[in-house]
Amino acid sequence: MLSIRTEPRAHAAPRRISVLGATGSVGESTLDLIGRNAASYRVVALTGGRNASRLAELAIRHRAQLAVISDEHCYAELCAALAGTGIETASGNEALLDAAERPADWIMAAIVGVAGLQPTLRAVRQGTCTALANKECLVSAGAIFMAEVARHSTTLLPVDSEHSAALQVMRGAAPDEIEKVYLTASGGPFRSWTREAMAEARIEQALQHPNWSMGRKVTLDSATLMNKGLELLEAHHLFSLAPEQLDVLIHPQSMVHCLVYYRDGSVLAQMSCPDMRTPIAYSLAWPERMDVPTKRLDLAEAGTLTFEAPDPERFPALRLARQTLSAGRSAGTVFNAANEVAGEAFFEERIGFLAIVALVEATMDIAADLTALTPASVDDVLAIDAEARQRALSLLPRFASRR
Ligand SMILES: NC(=O)c1ccc[n+]([C@@H]2O[C@H](COP(=O)([O-])OP(=O)(O)OC[C@H]3O[C@@H](n4cnc5c(N)ncnc54)[C@H](OP(=O)(O)O)[C@@H]3O)[C@@H](O)[C@H]2O)c1
């Protein structure tokens, strides 16, 4: 079970906050909450990937000390936009790591993909509080990541709505009281589509999430159900739950985020309207609660909440994720890397929608030598990640025509 400090926070000084991935969907929602109570926070560092103009706007609005853009080609634009403001600027990978290390009381880790692994680990090593949106860190480097969390006595708070929900309903529970945890999934835009229809799915259709407004990778992952697969691995590492204690339920309304079955037959669930500001606020106010201006759940208006088992034939991603979970070692690294390659290939229109999961599976098949490795360090993880990407890329031509 996730072991985290719960003593009340001292309220004297403004809390020092950094947001890694400030220009993204989670980053923007985080800063929305910060901006509503600006006197309580001091923004230390904000980082972006390429969107220099938005990063500069956010840095000015939130009076950040430091703005870092990771892509060096975008640095001139950032400097021009922040000239005369007194806000420090920097760019490149080292600068990103420096930003993550700059002393802060609470750091949002919301860079997308395994690109967020090293910066997030630097944040974790501060030994303060890391709010974790970047699930790929845990999928790819779960054991090493959680060991660092323990080594630095860091308070690690999940931001994914299902994992925040799980934390809320398992708070204070002993590990042997928990029988099973169900993560819910909306089912995505293709929940009721046939495989034949999905084979023809276009990018804009895959990006039409029925309930959540999110960045494009996680939205695509939701359409394939890879997102829920990644979340099974994330939950396994976060809460030390065995594979057989984890399952997925399709819940198209996205109002119940997680159900926890206790050994006495009780089932506790967490509910809220689908708005990421609620789980983000839970991590920001931890161990307390804060006011959040989201739409309140109206169950009379909702009328009916429905649940169904996922269809393994139409959505093989979950089966693959389960195999990955059982395989352990570096299977998660390979699974995640192949999924990142496959998703990009879909966005570049090199492969069709169904080929995304097929490419991940084929990569796993030819990478048994990699999945069997036990990484001893983050460098090992990144080397396996890089090799898995090469293998996935080498398979691309095989899937290119399957549209
Ligand atoms: N969005 C959600 O509601 C949601 C919910 C649960 C979990 N999550 C997880 O949270 C993470 C972020 O998701 P998101 O939806 O917020 O993604 P997003 O909107 O695509 O934003 C990603 C952020 O990462 C930055 N970035 C991208 N590549 C980078 C790189 N190579 N180096 C440094 N920064 C880079 C982007 O910068 P630029 O935009 O400036 O290029 C942006 O700030 C993902 O792991 C996702 O699975 C998201």
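Scroll up a little and you will see the structure.
Report on the accompanying structure.

Cut-offs and rules
Residues numbered from 1 in each chain as written. Predicted model: local features only at pLDDT ≥ 70, side-chain atom pairs only at ≥ 80, totals over all residues. Heavy atoms only, no water. Helix = DSSP H or I, 4+ residues; strand = E, 2+ residues; numbered from the N terminus. Rg over C-alpha atoms; globule rule 2.2 N^0.38 Å. Contact = heavy atoms within 4.5 Å. Areas by Shrake-Rupley, 256 points an atom, 1.4 Å probe, with all protein chains shown as cover. Axes fitted to C-alpha atoms, helices over the stretch in contact; angles between N-to-C directions. Left-handed = near helix turned anticlockwise from the far one by under 90°. Nonpolar A, V, L, I, M, F, W, Y, C, P; charged D, E, K, R; others polar.

### Structural notes on the overall build of the chain
Check the secondary structure of the chain and you find 18 helices and eleven strands. At 20 Å, the chain has a C-alpha radius of gyration in line with the 22 Å of a compact globule built from 403 residues. Of the contacts formed within the chain by residues at least 6 apart in sequence, a portion of 69% connects residues at least 24 apart. Surface exposure of the chain reaches about 16600 Å², of which carbon and sulfur atoms provide 50%.

### Things to note about the packing of helix α2 (residues 52–61) against helix α3 (residues 75–82)
Relative orientation of the contacting elements α2 and α3 amounts to 30 degrees, with a least axis distance of 9 Å. As for the relative orientation of α2 and α3, their crossing is right-handed in sense. Contacts between α2 and α3 involve A52, S53, L55, A56, A59 and I60 on the former and, on the latter, E77, L78, A81 and L82. The residue makeup of the contact of α2 with α3, split by class, is eight nonpolar, one polar and one charged.

### A look at unusual backbone geometry
Residues W286 and P287 are joined by a peptide bond in cis, for which omega reads 5 degrees. Even without a glycine there, the phi angle at R63 is positive, about 50 degrees. Structurally, R63 is set in the loop between α2 and β3 (66–69). For L225, which is not glycine, the phi torsion reads 75 degrees and is therefore positive. Looking at where L225 falls in the secondary structure, it is placed in the loop between α10 (216–224) and α11 (226–239).

So yeah, pure geometry; function would need other evidence.
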